[in-house]
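Listed below are the residues making up each chain.
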Amino acid sequence: MTMNSGDRPRRPTVSDVAAEAGVSRGTVSRYLNGGHWVSPEAEAAVAAAIRKTGYRINPHARSLATQRTNSVAFLLTESFERLFEDPNFARLMRGTSAALAERDVSLVFILAGSDAERRRARDFITQGHVDGVLLVSSHAGEPGLIEEIHRAGVPVIACGIPLGFERKLGWVAADDTTGAREMTAHLRSLGRTRIATIAGPRDTSGGIQRLTGFREELGEAFDADLVEHGDYSRRSGRAAMAALLERAPDIDAVFAANDLMAAGALAELAERGITVPGRIAVGGFDDAAVAVETTPALTTMRQPFDRISQEMVRLLLEVIAGEKPARMTLPTDLVVRDSA
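The rules behind the values
- Residues numbered from 1 in each chain as written.
- Predicted model: local features only at pLDDT ≥ 70, side-chain atom pairs only at ≥ 80, totals over all residues.
- Heavy atoms only, no water.
- Helix = DSSP H or I, 4+ residues; strand = E, 2+ residues; numbered from the N terminus.
- Buried < 20%, exposed > 50% of the residue type's maximum accessible area, 1.4 Å probe, protein only.
- Contact = heavy atoms within 4.5 Å.
- Lys, Arg positive; Asp, Glu negative; His and termini not counted.
- Charge placed at Lys NZ, Arg CZ, Asp CG, Glu CD.
- Salt bridge = Lys/Arg side-chain N within 4 Å of Asp/Glu carboxyl O.
- Pairing = 2+ DSSP bridges.
- Axes fitted to C-alpha atoms, helices over the stretch in contact; angles between N-to-C directions.
- Parallel < 35°, antiparallel > 145°, perpendicular 65-115°, else oblique.
- Nonpolar A, V, L, I, M, F, W, Y, C, P; charged D, E, K, R; others polar.
- Phe/Tyr/Trp six-rings, centres within 6.5 Å; stacked < 30°, edge-to-face > 60°.
- Domains from an automatic or database assignment.
- Buried area = accessible area lost by both parts, 1.4 Å probe.

## Quick look at the overall build of the protein chain
Secondary structure assignment for the protein chain yields 13 helices and twelve strands. Its C-alpha atoms give the protein chain principal-axis dimensions of about 100 × 40 × 35 Å. By residue count, 49% of the 340 residues in the protein chain fall in the buried class. For the protein chain, restricting intrachain contacts to residue pairs at least 6 apart in sequence, the fraction spanning at least 24 positions comes to 73%. Both charge centroids of the protein chain, one from 40 positive and one from 45 negative side chains, sit 7 Å from each other.

Here it is as structure tokens:
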């Protein structure tokens, strides 16, 4: 007797195994591809589900599904100059590279600070040369590259909240708002009442949220005239400090939204003969290497860069394996030194 296709029993799928085991399809996929990042409990559940459902791997389908480069892009949307000035980028690159090496995955560095660099980055990434992207330092005014990568279906995890893509991409971020509030509260606890801030760029989540935390902590005492914006560079911190002193010479404390701008502020104060913390207390954000190189050493908020790097890698590999993108906010810690 001839049997038509409608009479054949349906072949069990990965979804069937996942439903039987009570785990995600991504967990089943990782189990089938060597068991990396699968807990012993999940392994046992998947193995039992495979036996129960009668699932069999289709070798041809598996070869297509696992055609991967075994590499991940570290995409930095900043200029060449910013790459070498800001030590945080090197810390993140070192941390993500180490975390990937533990999984035998390579890291490809891509700089995309100009239009030409962004075009080349888009072509390289969307043509399948990497399995996913670790996005660092995204700006709200430059959504084109991120949108094209996302539309191409390339897994992306961002460092910091990617403005405009908060619900589309996964991300790992420091708690910028709470950290800024804590630093501002610390300056107030020293008896400072005229507290200014050198805020970060308006088109970055860190710049926006640290200013929000500063403003929330001051409440009715917030004075918009005591706000200057920088671009996270030492030079911009120095220029902002000069502008604040010209406009409000009675300020007695300054919170800079990163340590490089705080270092620039300290240089400007030293040139003017203004003592720190005697006359003006100064606080930063990051706990970068420069924080212990300034005179005086800088009081700052420590970002957990090692943890951020590890979690970015973990979340990206989960998305590559088929999981939905997750989002994570990590706490910061106040580090008190000599400047405040």
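Next comes the rest of the account.
## Topic: the environment of I110
Looking at where I110 falls in the secondary structure, it is placed in strand 2 (residues 106-111). Every residue in contact with I110, bar those within four places of it in the chain, is listed here: A73, F74, L75, L76, A121, F124 and I125.

## Comments concerning the pattern of salt bridges
For the coordinates displayed, the defined rule picks out 23 salt bridges. R337 is paired through a salt bridge with D287; the nearest N and O atoms lie 2.9 Å apart. Remark: D287 occurs in the loop between strand 9 (281-283) and strand 10 (300-302) and R337 occurs in the segment after strand 12 (333-335); sequence separation between them is 50 residues. Taking relative accessible area as the criterion, D287 reaches 12% and is therefore assigned buried. Residue R314 is joined to E318 by a salt bridge in which the shortest nitrogen-to-oxygen separation is 3.1 Å. With R314 and E318 both in helix 13 (residues 305-320) and four residues apart, this pair spans about one turn of that helix. Classification of R314 as partly exposed rests on a relative accessible area of 32%.

## Looking at helix 2 (residues 25-32)
Along an α-helix, a turn takes 3.6 residues, which lines up residues three or four apart on a common side. Burial runs high along helix 2: six of the eight residues are buried. Inspection of helix 2 places G26, T27, V28, S29, R30 and L32 among the buried residues, and these make up the whole buried set.

## Considering the sheet that holds strand 9
Pairing is parallel across the open sheet formed by four strands, whose spatial order is 7-6-8-9. Edge positions in the open sheet fall to strand 7 (227-229) and strand 9, since each of these has one partner strand only. Put simply, the sheet's adjacent strands are angled 15 degrees from each other on average, direction ignored. By the bridge criterion, three bridges tie strand 6 (residues 195-199) to strand 7 in an arrangement that is parallel. By the bridge assignment for strand 7, A199 is matched with H229. Contacting strand 6, strand 8 (253-256) and strand 9, helix 9 (residues 176-189) runs over the sheet at an angle of about 165 degrees to strand 8. Seen against the sheet, helix 10 (residues 205-218) touches strand 6, strand 7 and strand 8 and runs at an angle of roughly 165 degrees to strand 6.

## Focus on unusual backbone geometry
A cis amide bond links V276 to the next residue, P277, at an omega of 5 degrees. Positionally, P277 belongs in the loop between helix 12 (259-271) and strand 9. P296 follows T295 through a cis peptide bond whose omega is -5 degrees. Here P296 shows up in the loop between strand 9 and strand 10. Positive phi is not limited to glycine here, since Y232 has a value of about 80 degrees. Here Y232 lies in the loop between strand 7 and helix 11 (234-247).

## What to know about the packing of helix 7 (residues 115-126) against helix 8 (residues 144-151)
Following both chains from N to C, one finds helix 7 and helix 8 inclined at 10 degrees, their axes separated by 10 Å at the closest point. Here helix 7 lies roughly parallel to helix 8, going by the angle between them. Here helix 7 contributes R118, A121, R122, I125 and T126 to the contact with helix 8, which in turn contributes L145, E148 and I149. Tallied by class, residues from the contact of helix 7 with helix 8 come to four nonpolar, one polar and three charged.

## Comments concerning the packing of aromatic side chains
A complete count under the given rule lists four aromatic pairs for this structure. Ring centres of F74 and F109 lie 6.2 Å apart, and the angle between their planes is 40 degrees; on these two criteria the pair is classed as tilted. Of this pair, F74 sits in strand 1 (residues 71-76) while F109 is found in strand 2, placing the two residues 35 residues apart along the sequence. With relative accessibility at 0%, the residue F74 sits in the buried group. Judged by its relative accessible area of 33%, F109 is partly exposed.

## As for the domain arrangement of the protein chain
Along its sequence, the protein chain is organised into domain 1 (14-57), domain 2 (71-174 + 305-331) and domain 3 (176-302). Taking only C-alpha atoms, the centre of domain 1 and the centre of domain 2 are 29 Å apart. Counting residues at the interface gives six residues for domain 1 and six residues for domain 2. Taking both sides of the interface into account, the surface hidden between domain 1 and domain 2 amounts to around 450 Å²; carbon and sulfur atoms contribute 54%. Inspection of the region where domain 1 meets domain 2 yields zero salt bridges. The residue inventory of the side of domain 1 that touches domain 2, partitioned by class, reads one nonpolar, four polar and one charged.

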